[in-house]
Amino acid sequence: MLQTYFDDYARRYEYYKGGAWCYEDGCLYRGLITLYQATGDRHWLDHVTRLVRGQIDAQGRLVGYELDEFNIDNILPGRTLVFLYELTGDDAWLDAAAPLARQLDTHPRTGSAVYWHKLRYPHQIWLDGLYMALPFKIEYARAASRPNMLEEALQQFSTALDLTYDRDAALYRHGYDESREQSWADPQSGLSPAHWARSIGWLAMAFVDIIESLPPGAARQDLMLRASALASRVLSLQTPDHRWLQVIDRPDAKGNYAESSATAMFAYFLQKLARLGGSVAFADAGARSLLSLVKHELRTDETGTSRLQNICCVAGLGGFNGRYRDGTVEYYLSEELRADDIKGVGPLMMAFAESLQVRSADHRSSGAPSEERVELSAAKR
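What counts and how
- Residues numbered from 1 in each chain as written.
- Predicted model: local features only at pLDDT ≥ 70, side-chain atom pairs only at ≥ 80, totals over all residues.
- Heavy atoms only, no water.
- Helix = DSSP H or I, 4+ residues; strand = E, 2+ residues; numbered from the N terminus.
- Rg over C-alpha atoms; globule rule 2.2 N^0.38 Å.
- Buried < 20%, exposed > 50% of the residue type's maximum accessible area, 1.4 Å probe, protein only.
- Contact = heavy atoms within 4.5 Å.
- Areas by Shrake-Rupley, 256 points an atom, 1.4 Å probe, with all protein chains shown as cover.
- Lys, Arg positive; Asp, Glu negative; His and termini not counted.
- Charge placed at Lys NZ, Arg CZ, Asp CG, Glu CD.
- Phe/Tyr/Trp six-rings, centres within 6.5 Å; stacked < 30°, edge-to-face > 60°.
- Salt bridge = Lys/Arg side-chain N within 4 Å of Asp/Glu carboxyl O.
- Core = buried A, V, L, I, M, F, W, Y, C linked by side-chain atoms within 4.5 Å.
- Expected span 1.5 Å × (residues − 1).
- 1 Å grid on protein atoms, 1.4 Å probe; cavity = no way out; pocket = protein on both sides within 12 Å on 5 of 7 lines; lining within 4 Å.
- Points joined across faces, edges and corners; volume = space filled by probe spheres on them.
- Nonpolar A, V, L, I, M, F, W, Y, C, P; charged D, E, K, R; others polar.
- Polar contact = N/O pair within 3.5 Å; in protein donor to acceptor, adjacent residues only side chain to side chain.
- pLDDT = per-residue confidence, 0-100.

S.K.: I'm lost on the overall build of the protein in this one. Help?
M.R.: Assigned secondary structure in the protein consists of 13 helices and eight strands. Over its C-alpha atoms the protein spans a radius of gyration of 19 Å, differing by no more than 12% from the 21 Å that the globule rule assigns to 381 residues. Out of the 381 residues belonging to the protein, those deemed buried represent 60%. Considering only contacts within the protein whose residues lie at least 6 apart along the sequence, 71% involve residues at least 24 apart. Accessible surface for the protein amounts to roughly 15000 Å². Of this, 49% is attributable to carbon and sulfur atoms. Distance between charge centres in the protein, computed from 41 positive and 50 negative side chains, equals 2 Å.

S.K.: Looking at this model, I keep getting lost on the packing of aromatic side chains. Mind explaining?
M.R.: The description of an aromatic ring pair rests on the distance of the ring centres and on the angle between the ring planes. Summed over all chains, the structure comprises 14 aromatic pairs. When the ring of Tyr5 is compared with that of Phe6, the centres are 5.6 Å apart and the planes differ by 50 degrees; the resulting orientation is tilted. Residue Phe6 is classed as buried on the basis of its relative accessible area of 0%. One aromatic cluster is present, built from ring pairs that chain together Tyr5, Phe6, Tyr9, Tyr13 and Phe352.

S.K.: What is the right way to look at the pattern of salt bridges in this model?
M.R.: Side chains that differ in charge, positive against negative, can pair when their charged atoms come close. Counted by the stated rule, this structure contains 29 salt bridges. For Glu212, the salt bridge is made with Lys272, and the minimal N-O distance between the two is 2.7 Å. One end of the pair, Glu212, is in helix H8 (residues 197-213); the other, Lys272, is in helix H10 (residues 260-275), with 60 residues separating them in the sequence. Residue class for Glu212 comes out partly exposed when judged on its relative accessible area of 33%. As a salt-bridge pair, Asp252 and Arg250 come within 2.8 Å of each other at their nearest N and O atoms.

S.K.: Any chance you could explain the nonpolar core here in plain terms?
M.R.: For soluble globular proteins, the rule of thumb is that nonpolar side chains tend to be buried together. Formed by 117 residues in total, the largest nonpolar core has its most connected members in Leu81, Phe157, Phe207, Phe266, Phe269 and Leu348. When residues no more than four places from it in sequence are discounted, the contact partners of Phe157 are Leu130, Leu134, Leu203, Ala206, Phe207, Ile210 and Leu223. Counting 16 residues, the second largest nonpolar core, distinct from the first, contains Trp126, Ala253, Tyr257 and Ala315.

S.K.: Can you help me understand helix H6 (residues 127-143) in this one?
M.R.: Each turn of an α-helix holds 3.6 residues, which means side chains three or four residues apart point in the same direction. In this model, H6 (17 residues) spans 25 Å end to end at C-alpha, consistent with the 24 Å of a helix rising 1.5 Å per residue. Counting buried positions along H6 gives 16 out of 17 residues, so the element sits mostly inside the fold. Once H6 ends, the next one or two residues include Ser145, with phi positive near 55 degrees.

S.K.: Just to check I follow, could you spell out the layout of surface pockets for this structure?
M.R.: Empty space among the atoms becomes visible once a probe the size of a water molecule is rolled across them. Estimated volume of the second largest pocket: approximately 510 Å³. Among the elements of the structure, helix H2 (23-39), H6 and H8 are those that each provide at least two residues to the lining of the second largest pocket. Among the residues making up the lining of the second largest pocket, the classes are represented as 15 nonpolar, five polar and eleven charged.

S.K.: So what exactly am I meant to see when it comes to the environment of Arg142 here?
M.R.: Among the structural elements, Arg142 can be located in helix H6. Residues Arg142 and Val247, 105 residues apart in the sequence, show an inter-C-alpha distance of 36 Å. For Arg142, the residues in contact, after removing those within four places along its chain, are Glu86 and Ser213.

S.K.: Whenever I open this one, unusual backbone geometry confuses me. Can you help?
M.R.: Note: most residues except glycine have negative phi, and most peptide bonds are trans. At His242, a residue that is not glycine, the phi angle is positive and equals roughly 75 degrees. Within the secondary structure, His242 sits in the loop between helix H9 (218-235) and H10. What makes His242 partly exposed here is its relative accessible area of 28%. Despite not being glycine, Asn310 shows a phi value in the positive range, around 60 degrees. With respect to the helices and strands, the residue Asn310 is situated in the loop between strand E6 (306-308) and strand E7 (318-320).

S.K.: What should I look at first to understand empty space enclosed by the protein in this one?
M.R.: Evaluated as defined, the whole model comprises one cavity of 30 Å³ or more. Approximately 70 Å³ is the volume found for the largest cavity. In this structure, the largest cavity is lined by Ile72, Val114, Tyr115, Trp116, His117, Ile125, Trp126, Gly129, Leu130, Ala133 and Leu134. At the level of secondary structure, the elements contributing two or more residues to the lining of the largest cavity comprise strand E1 (124-126) and H6. Per element, the largest residue contribution to the lining of the largest cavity is four residues, and it comes from H6. Of the residues belonging to the lining of the largest cavity, the class tally is nine nonpolar, two polar and no charged.

S.K.: Help me out: how do you make sense of the environment of Leu317 in this one?
M.R.: Looking at the secondary structure, you find Leu317 in the loop between E6 and E7. Along the primary structure Leu317 and Tyr331 are separated by 14 residues, whereas in three dimensions their C-alpha atoms are 9.6 Å apart. Once residues within four sequence positions are removed from consideration, Leu317 is found in contact with Tyr121, Trp126, His174, Gly175, Trp184, Ser192, Arg325, Gly327 and Tyr332.

S.K.: What is the right way to look at the side chain of Ser261 in this model?
M.R.: By the element assignment, Ser261 lies in helix H10. Each residue touching Ser261, except ones within four places of it in the same chain, is listed here: Arg198, Ile311, Lys343, Gly344 and Pro347.

S.K.: How should the side chain of His47 be read in this particular structure?
M.R.: With respect to the helices, strands and loops of the structure, His47 is situated in helix H3 (residues 42-53). A distance of 3.0 Å separates a polar atom in the side chain of His47 from a polar atom in the side chain of Arg50.

S.K.: Would you mind showing me how to read the confidence of the model for the protein here?
M.R.: If pLDDT is low for a region, its predicted coordinates should not be looked at in detail. Averaged over all residues, the pLDDT of the protein is 94; the fraction at 70 or higher stands at 94%. Note on residues 361-366: pLDDT under 50 across the span, and eight contacts to partners over four residues away in sequence or across chains. This stretch, residues 368-381, has a pLDDT under 50; its non-local contacts, to residues over four places away or in other chains, come to 37 contacts.

Laid out in structure tokens, this is it:
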């Protein structure tokens, strides 16, 4: 059932922003890549390459991408280019990713050397941005033989974890403002006021994707300990039916609800953390969450199409479209819900693929179904 839903979704998918390079499309690509890694089924890879080729012009440039916009979100789909380069050996894919690496070389940073979330959100670190930028940075560093880039990414991640951590709640806050200029920022800590589940979900996925790229050693061990502590805390906040609330630690808040994208992200995180060496109990908990999400939220609409329900369309901090997002519980509960938004469907693909990986005795850590190169071209044909 799920693989049919995913295949139909990919076939009818329309670029989130009309074909312009953006993180939302990158969420789909991550989902399709993990399905390919878990199954070895070429048609998931075919979906990826068909869609990515549509975002690269005849000169090998990313459609609609502007480096000097300094939007950290735009980095995420670049992981697909690195994956395809490593899979095929075709330099055109890595060449297409090079402007994204150049953006990270010059992207504005806080005084603690962590990337601003965006040029228009100065001095701010958001959990979302850690997932958008740092796994790519580490994977590109490996592909392009830039070890200093990898070390810098690990330092940035560690620093960001320290800056966004809420010790009292044993959770991470969505945003941190180094300047303390934003009205959402606490004057002492610089942190935003509430614990938004999807922001923590982005961070959780960054944890396991980064850990997967690291060799055994102190850095990997440290991140495993931090990720396991987060996993234990997240599990303590599950709903009785094994999902997670939009504001994760406020079941008392009027209008709070089980949110599908965060639930999918945590299901992925828990299962993958177990596969990477964490507690087996995490895998069991993640599998239960995946089953609960599908049971409660994958429903057929009036047209007979299956759609994933109760996905928060978007949430952020500060000014946006004439509205100031203050990061309160009430704010997060006011945002629009959208069925089948890719920010929920992509992580659902990833969680399902991870469930296959966990059950497989023949895990393909390389991401390729065999040693042979797959002949694909980065440019349009």
